[in-house]
Amino acid sequence: MIGSGLIRRGGPRFSGSATRMMPQARIAGPMPWVIAIMIALTVMAAAAGLALSNVASNARAEIAGGVTIQVVEGAPAERERQADRALTFLAGREDVTSFRRVPDEELAALLEPWLGEAATESEAVPTPALIDVRLSGPVTARRLQDLRAALVAEVPAARLDAQAGWLAPVFEAIRSLQYLAIGLVVLLAATSVAAVWLAARSALGSNRDTIEVIHHLGGSDGQIAQIFQRSIGIDAALGGAAGLALGVGAIFVLGRQFADLGSGLVAGGALGLYDWITIAAVPAAGVVLAVLTARLTVIGALRRML
Amino acid sequence: MSAGEDSIVQFDNVGLRYGTDKEVLSDISFTLYPGSFYFLTGASGAGKTSMLKLLYLAQRPSRGAIRMFGQDLITQPRGNLPDFRRRIGVVFQDFRLIPHLTAFDNVALPLRISGMSESEIAKPVADMLEWVGLEHRIDARPATLSGGEQQRVAIARAVIARPEILVADEPTGNVDPEMAVKLLRLFEALNRLGTTVVVATHDVHLLRKVPDSLIMRLDKGTLSDPTGALRYPPKREVIAG
Ligand SMILES: Nc1ncnc2c1ncn2[C@@H]1O[C@H](COP(=O)(O)OP(=O)(O)OP(=O)(O)O)[C@@H](O)[C@H]1O
Ligand SMILES: [Mg+2]
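Residues numbered from 1 in each chain as written. Chains lettered and ligands numbered in written order. Predicted model: local features only at pLDDT ≥ 70, side-chain atom pairs only at ≥ 80, totals over all residues. Heavy atoms only, no water.

## A word on the overall build of chain A
Across its full length, chain A carries eleven helices and four strands. The long-range fraction of contacts in chain A, counting pairs at least 24 apart against all pairs at least 6 apart in sequence, stands at 85%. (Helix = DSSP H or I, 4+ residues; strand = E, 2+ residues; numbered from the N terminus. Contact = heavy atoms within 4.5 Å.)

## Quick look at helix α6 (residues 141–154) of chain A
Taking 1.5 Å per residue as the helical rise, α6 of chain A with its 14 residues ought to reach 20 Å, and the 20 Å between its terminal C-alpha atoms agrees with that figure. Lining the buried residues of α6 of chain A we find β1 (66–71), α3 (76–91), β3 (129–135) and β4 (158–162) of chain A. (Expected span 1.5 Å × (residues − 1).)

## Here we look at the site of ligand 1
Neighbouring residues of ligand 1: Tyr 18, Val 24, Ala 43, Ser 44, Gly 45, Ala 46, Gly 47, Lys 48, Thr 49 and Ser 50 of chain B. Taken by itself ligand 1 offers 640 Å² of open surface, and the protein chains cover 60% of this. (Near = heavy atom within 4 Å. Areas by Shrake-Rupley, 256 points an atom, 1.4 Å probe, with all protein chains shown as cover.)

## A look at the sheet that holds strand β4 (residues 63–68) of chain B
Residues and elements named next belong to chain B. Strand order in this open sheet of four strands is β2-β1-β4-β5, and the pairing throughout is antiparallel. The open sheet has two edge strands with one neighbour each: β2 (25–32) and β5 (71–72). In this sheet, β4 lies alongside strand β1 (residues 9–16) in antiparallel orientation, the contact comprising five bridges. Bridge pairing in β4 links Val 9 to Met 68. (Pairing = 2+ DSSP bridges.)

## Description of the nonpolar core
Residues and elements named next belong to chain B. Ranked by internal contacts, the top residues of the largest apolar core, which has 42 residues, are Phe 37, Val 107, Val 125, Leu 129, Leu 166 and Phe 187. Breaking this core down by element, the ones donating at least two residues are β3 (37–42), α3 (103–113), α4 (118–131), α5 (147–159), β7 (165–169), α6 (177–192), β8 (196–200) and α7 (204–209). Considering every element that reaches this core, the biggest residue donor is α6, with seven residues. Among residues more than four places away in sequence, those in contact with Val 125 are Phe 104, Val 107, Ala 108, Leu 111 and Ile 160. (Core = buried A, V, L, I, M, F, W, Y, C linked by side-chain atoms within 4.5 Å. Buried < 20%, exposed > 50% of the residue type's maximum accessible area, 1.4 Å probe, protein only.)

## Some details on the confidence of the model for chain A
This prediction gives chain A a mean pLDDT of 78; 82% of its residues lie at or above 70. Contacts for the low-pLDDT stretch residues 1–17 of chain A, under 50 throughout, to residues beyond four places or in other chains number 45 contacts. (pLDDT = per-residue confidence, 0-100.)

## Structural notes on the sheet that holds β3 of chain A
Hydrogen bonding along the main chain pairs the strands of a sheet, whether they run parallel or antiparallel. Residue and element names in this part refer to chain A. Ordered by their spatial adjacency, four strands build an open sheet running β2-β3-β1-β4, and the pairing between neighbours is antiparallel. The two strands at the open ends of the sheet, each matched to only one other strand, are β2 (96–102) and β4. Strand-to-strand twist in this sheet, taken as the mean axis angle between neighbours without regard to direction, amounts to 20°. Relative to β4, β1 runs antiparallel, the two sharing five bridges. Bridging from a neighbouring strand, Ile 69 pairs with Leu 160 of β4. (Axes fitted to C-alpha atoms, helices over the stretch in contact; angles between N-to-C directions.)

## Topic: the pattern of salt bridges
All names here are of chain A. For the structure on display, the rule yields 17 salt bridges over all chains. The shortest N-O distance in the salt bridge between Arg 93 and Asp 95 comes to 3.3 Å. The partner of Asp 104 in a salt bridge is Arg 101, with the nearest N and O atoms 3.5 Å apart. For Asp 104, a relative accessible area of 37% translates into the label partly exposed. Several salt bridges converge on common partners, so that one network encompasses Glu 80, Arg 101 and Asp 104. (Salt bridge = Lys/Arg side-chain N within 4 Å of Asp/Glu carboxyl O.)

## Focus: the packing of aromatic side chains
What the rule picks out here adds up to five aromatic pairs over all chains. Ring plane angle 20° and centroid distance 5.8 Å describe the contact between Phe 252 of chain A and Trp 276 of chain A, whose orientation is recorded as stacked. Residue Phe 252 of chain A is found in helix α9 (residues 221–261), and its partner Trp 276 of chain A is found in helix α11 (residues 273–303); the two are separated by 24 residues along the sequence. A residue is classified by how much of its surface remains accessible, and Trp 276 of chain A, at 27% relative accessible area, is partly exposed. The interplanar angle of 35° and the centroid separation of 6.1 Å between the aromatic rings of Phe 69 of chain B and Phe 84 of chain B together place this pair among those described as tilted. Separated by 15 residues along the polypeptide, Phe 69 of chain B in the loop between β4 and β5 and Phe 84 of chain B in helix α2 (residues 81–85) bring together distant segments of the chain. Both residues of the pair, Phe 69 of chain B and Phe 84 of chain B, count as buried. Geometry around Phe 69 of chain B places Arg 87 of chain B over its ring, the cationic atom sitting 4.0 Å from the centre. (Phe/Tyr/Trp six-rings, centres within 6.5 Å; stacked < 30°, edge-to-face > 60°. Lys NZ or Arg CZ within 6 Å of the ring centre and 35° of its normal.)

## Describing the confidence of the model for chain B
Residue and element names in this part refer to chain B. Per-chain confidence: chain B averages 87 in pLDDT, with 91% of residues scoring 70 or above. Note that pLDDT drops below 50 for residues 236–241; the model gives that stretch eleven contacts with residues more than four away or on any other chain. The ipTM for the predicted assembly is 0.87, set against a pTM of 0.71.

Set out below in structure tokens:
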């Protein structure tokens with residue numbers, strides 16, 4: 001046949017010429033920015049969720065079996081005596097894995113932001129002696145009660161609390177925030193799908209004539225879809241990169257501010273390698289989603305042509 | 001069927017209706033032979049464009065059988081149709097150039113679709129644009145071209161891949177008679193290279209310009225073929241064209 005030398009059969013790829021074939025298939029107008037904002041918000045919500053989950057699990061590990069003893073006594077000499085008694089008492093117990101008297105300087109440093117340097121140095125405000133105790137196994141109400149009774153018999157000024165106990169409301173709040181973050185990520189993802197779908201639809205609509213012509217000239221569905229996938233994929237990648245940069249920037253600023261608070265609890269929320277991989281996967285998922293949406297939309301429209 | 005053996009297109013009792021309207025084409029039967037030159041004439045609304053749409057696979061017939069390149073079209077899976085379309089060149093009545101592409105890129109389109117590399121494309125496209133006298137407008141976008149220039153780009157695009165069939169719908173509709181004859185010469189040149197040409201027109205003067213052409217006349221959706229020459233043409237006479 002005459003044409004067989006020039007025309008190859010089958011469904012070849014467009015190679016590098018796809019973008020030259022349909023430069024207008026780019027997502028029009030504000031869509032890349034909408035995608036960028038959605039990705040940025042999703043990144044931030046995901047980061048918040050991950051950080052909260054880190055805070056919760058770190059804190060939980062830290063305070064599992066944790067008990068705090070305070071010796072509340074106004075007179076310094078008596079306080080020291082009773083604190084020493086408490087230490088001796090703890091040394092004699094089998095169910096105590098470790099204990100540590102929190103040095104007064106450390107305590108002063110902890111209180112200084114609240115009470116001021118002068119107050120802590122001058123002993124104007126009496127501070128309790130603090131002992132950090134770690135029990136073997138979890139702290140049950142029953143164990144706590146037994147321990148408290150035994151301790152108070154020896155050290156009348158001692159007060160004993162489970163660390164998990166006074167953090168329970170914090171954990172509850174963290175859990176609520178985590179649910180909120182998950183909810184936000186789901187909502188944002190759904191909105192992103194809608195935005196990408198609309199963008200693909202509008203790109204398809206404004207290029208309908210071009211699609212028809214390429215179709216009539218023998219372009220296969222796959223070839224035509226490829227043109228759209230490529231240009232919409234590029235736009236989604238640009239939007240996604242901008243969104244990621246925006247989101248990560250916000251995370252860093254917030255992270256710096258929380259770090260300045262100097263709270264051990266907040267430090268436990270630092271994001272690890274896997275958290276960052278998860279966050280980086282957000283825009284990648286956005287690109288995959290955009291490409292898939294573009295393909296399904298174009299193939300769907302082409303199926304209606306002969 | 002002996003008459004259809006070396007044919008390139010064969011219509012058998014083809015009917016076409018849009019939606020649930022009455023048929024716009026009825027009982028269409030004819031055979032096209034490779035290397036022949038056909039004119040399709042008929043009054044406005046007679047069904048010329050509809051018939052060409054069947055020929056360039058933009059429309060499926062409502063009934064009847066169509067064979068093309070020796071294969072049954074009706075039973076072809078949809079995925080095979082692009083391969084058929086690549087063997088058919090089309091000049092649309094309204095050109096249908098892609099507005100954001102240059103003349104070069106518009107003409108290059110069929111070659112890119114067929115997967116040719118950029119280095120293979122450059123020369124044939126430039127040669128083709130020179131052939132239609134547009135070598136100086138190679139980087140122009142359709143909007144900056146005159147009507148006649150656009151028409152020539154459309155024709156260049158239709159013939160660049162050396163199609164086995166060329167289908168042209170009123171290709172001289174918007175140009176002066178002089179240009180019409182010039183364009184007709186392009187089709188004849190392609191025809192001499194072996195392409196089967198089908199030109200729809202209601203310009204009767206055009207018909208006389210191609211001496212060996214065959215004329216198909218549509219009248220209210222039926223093909224008048226009183227002698228049966230279109231369906232079973234004397235072989236030698238047709239090939240001589
Ligand atoms: N897509 C369509 N849907 C419904 N009816 C159509 C469609 N296309 C064409 N028709 C009808 O089919 C008939 C034939 O139309 P067609 O365009 O094939 O005529 P034509 O011979 O090309 O006319 P012209 O010389 O004016 O271009 C007309 O009555 C037209 O109204
Ligand atoms: Mg018409």
